[in-house]
Amino acid sequence: MSSPEQWTHPEPDAAPAATAAKPTAEQVIAGLRATDEGGADLVQLLTPEGERVTHPDFDIDITPEELRGLYRDMVLIRRVDREANALQRKGQLGIWVPLLGQEAAQIGAGRAMRETDMAFPSYREHGIAWTRGINPTELLGIFRGTDQGTWDPVEKRFHPYTIVIGNQVLNAAGYAMGQKFDGKVGDDEGEATMCFFGDGATSQGDVHEGFVWAAVYDAPLVFFCQNNQWAISEPTERQSRLPLYQRARGYGFPGIRVDGNDVLATLAVTKWALDECRHGNGPILIEAFTYRMDAHTTSDDPTRYRLSDELEMWKLKDPIERVKVYLVRQQWADSEFFESVEADADKLGEELREFCTNMPDPPAERIFSNVYAEGNPVLEAQRDEFLDYVSGFAGGEH
């Protein structure tokens, strides 16, 4: 098991630091050994073997029905992810951003939120979208290039996906500051905001600016970093000398690391953090220590930069399997329940395929809409010229 000291004081026999453009196999293994258990400060309530453990600071009372619900959430959103991945391979989507392996981090965090809380995602938060009541079909247009998401951000309390790395942190900081200025914090009925980003985003200036503003104004903001170990092809140990959650110290607010493959621990820690923020004790940084089991996107090939042994090791920590084992051991679920969940997943997958393969193409003039708040002669002239050009093709489309 790693310890925070290992991040700043390497062991005598440790492999040399990864300073080359491409780390060697030995360097990757050394980094893996230093981070694969999450360190002594990792909050965990359900082990990879499906055993319930205690933690001195965090616990959660969970009913059989609630845990079955969390299991169902994770199974269904994994099916959504796998179906969308397959649809991209078939040419139905331009790109897809997989969440495979991160289901517990997202479902646990999402189910900790209240309806009045606000969420700011990056581009991988399909599980958070699910918990906010957004139909997965509403995500597909983003990755087909036909829209920017069709849900109402105010109604769902879920901001549109943000493609620019780390930019949503500034948006979230500003929104949370507004909650503070509007007097919506300070008691049990207070509001809070959650912002989601990856380990790679912590190297972006926007994230650090968001940390500064949120700290200075005591914003009710939970920074939720999903450390999936890889910023595309860059391992975490090449981005920070310290565990990411310890960075919060430099800004003057708490940071905590949770087992991001443990839905119970994630739920417990996130509920605590949101409650602190609602009462005016924000911001807080949560590092969900998890793993990206698939590619960064469907245009990425992870076999070029990480070892298969690493992937196989993390498969043993699957977030869904540990919950299934615990449910069976506790006799909280039987074969009929698991079969019903699989049936629901099959139905959802079929609905997703049917919707995606029948999505209409937007009209040609759509490209000119919503460019400006109001039209102007220059834009209208460009639109007319383009539509005239398009009408010259057979059928008026190309």
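Residues numbered from 1 in each chain as written. Predicted model: local features only at pLDDT ≥ 70, side-chain atom pairs only at ≥ 80, totals over all residues. Heavy atoms only, no water.

Enquirer: Before we go on, may I ask you to explain the packing of aromatic side chains in this structure?
Expert: The geometry of an aromatic ring pair comes down to the distance between the two centres and the angle between the two planes. A full pass over the atoms with the stated rule returns 25 aromatic pairs. Taken together, the ring pairs connect Trp96, Phe143, Trp151, Phe158 and Tyr161 into an aromatic cluster. Directly above the aromatic system of Trp314 lies the positively charged group of Lys317, at a separation of 4.5 Å from the ring centroid. If you follow Lys324 out to its NZ or CZ, it ends over the ring of Phe338, 5.1 Å from the centre. (Phe/Tyr/Trp six-rings, centres within 6.5 Å; stacked < 30°, edge-to-face > 60°. Lys NZ or Arg CZ within 6 Å of the ring centre and 35° of its normal.)

Enquirer: Please explain the pairing of strand 7 (residues 284-289) as it appears in this structure.
Expert: Residues in a regular strand project their side chains so that they alternate between the two faces of the sheet. By the criterion of burial, strand 7 is predominantly enclosed, with 6 of the 6 residues buried. With burial as the criterion, each face of strand 7 is covered, one bearing Ile284, Ile286 and Ala288 and the other bearing Leu285, Glu287 and Phe289. Pairing between strand 3 (residues 221-227) and strand 7: 6 bridges, direction parallel. Paired with Asn227 across the two strands is Phe289, which belongs to strand 7. As paired elements, strand 6 (residues 255-259) and strand 7 share 5 bridges and run parallel to each other. Note that in strand 7 the partner of Arg257 across the bridge is Glu287. As a crossover connection, the stretch from strand 6 through helix 10 (residues 263-278) into strand 7 is right-handed. (Buried < 20%, exposed > 50% of the residue type's maximum accessible area, 1.4 Å probe, protein only. Helix = DSSP H or I, 4+ residues; strand = E, 2+ residues; numbered from the N terminus. Pairing = 2+ DSSP bridges. Right-handed = clockwise from strand over helix to strand, strands pointing away.)

Enquirer: Whenever I open this one, the nonpolar core confuses me. Can you help?
Expert: Across soluble globular proteins, nonpolar side chains have a tendency to be buried as a group. One finds Tyr71, Tyr161, Leu264 and Ile286 to be the most contacted residues of the largest nonpolar core, which totals 71 residues. At 10 residues, the largest contribution of residues to this core is made by helix 3 (residues 64-89). Beyond its immediate stretch of four places on either side in the chain, Leu264 contacts Leu45, Leu46, Arg52, Ile60, Ile62, Leu67 and Leu70. Formed by 22 residues, the second largest nonpolar core is a distinct cluster that contains Met118, Ala176, Ala201 and Phe223. (Core = buried A, V, L, I, M, F, W, Y, C linked by side-chain atoms within 4.5 Å. Contact = heavy atoms within 4.5 Å.)

Enquirer: What should I look at first to understand the pattern of salt bridges in this one?
Expert: Two side chains with opposite charge may pair up if their charged atoms get near one another. Going through the model one piece at a time under the given rule, you end up with 18 salt bridges. We note a salt bridge from Arg257 to Glu287, for which the minimum N-O separation is 3.0 Å. Here Arg257, found in strand 6, pairs with Glu287, found in strand 7; they are 30 residues apart in sequence, far enough to count as distant. Judged by its relative accessible area of 0%, Glu287 falls in the buried class. One salt-bridge network, in which partners are shared between bridges, spans Arg78, Glu103 and Asp318. (Salt bridge = Lys/Arg side-chain N within 4 Å of Asp/Glu carboxyl O.)

Enquirer: So what exactly am I meant to see when it comes to the confidence of the model for the chain here?
Expert: Atomic detail in the predicted coordinates should be set aside for any region of low pLDDT. Per-residue pLDDT for the chain has a mean of 90; in total, 89% of the residues score no lower than 70. Segment residues 29-36: pLDDT under 50, and 17 contacts once partners within four positions in sequence are set aside and those in other chains are kept. (pLDDT = per-residue confidence, 0-100.)

Enquirer: What is the right way to read the packing of helix 4 (residues 103-112) against helix 10 from this model?
Expert: Packed helices, taken two at a time, are described by their axes: the angle between them and the distance between them. Running from N to C, helix 4 and helix 10 point in directions that differ by 40 degrees, and their axes come no closer than 8 Å. Where helix 4 crosses over helix 10, the two elements pack in a sense that is right-handed. Counted together, Ala104, Ala105, Ile107, Gly108, Ala109, Arg111 and Ala112 of helix 4 and Val263, Thr266, Leu267, Thr270, Lys271, Leu274 and Arg278 of helix 10 form the full contact between these two elements. Looking at side-chain class alone, the contact of helix 4 with helix 10 contains 8 nonpolar, 3 polar and 3 charged residues. (Axes fitted to C-alpha atoms, helices over the stretch in contact; angles between N-to-C directions. Left-handed = near helix turned anticlockwise from the far one by under 90°. Nonpolar A, V, L, I, M, F, W, Y, C, P; charged D, E, K, R; others polar.)

Enquirer: Hey, could you run me through unusual backbone geometry in this one?
Expert: Most peptide bonds take the trans configuration, and most residues that are not glycine carry a negative phi. With omega at 0 degrees, the peptide bond leading from Gly282 into Pro283 counts as cis. Looking at the element boundaries, Pro283 is found in the loop between helix 10 and strand 7. Despite not being glycine, Arg157 has its phi angle at roughly 60 degrees, a positive value. You can see Arg157 is positioned in the loop between helix 7 (153-156) and helix 8 (167-181). Taking relative accessible area as the criterion, Arg157 reaches 16% and is therefore assigned buried. Here Ile232, not a glycine, exhibits a phi torsion of approximately 60 degrees, which is positive. Tracing the chain through its elements places Ile232 in the loop between strand 4 (230-231) and strand 5 (234-235).

Enquirer: How should the sheet that holds strand 6 be read in this particular structure?
Expert: Hydrogen bonds between backbone atoms are what pair the strands of a sheet, whose relative direction is either parallel or antiparallel. Taken together, 5 strands build an open sheet; the order of strands is 1-2-3-7-6 and the sheet is parallel. Two strands close off the open sheet at either side, each with one partner strand: strand 1 (118-120) and strand 6. Averaged over all pairs of adjacent strands, the angle between strand axes in this sheet comes to 20 degrees, irrespective of strand direction. Strand contacts of helix 4: strand 2 (193-198), strand 3 and strand 7, with the helix running at about 165 degrees to strand 3, the strand carrying the most contacts. Packing of helix 8 onto the sheet brings it into contact with strand 1, strand 2 and strand 3, and relative to strand 2 it is tilted by some 170 degrees.

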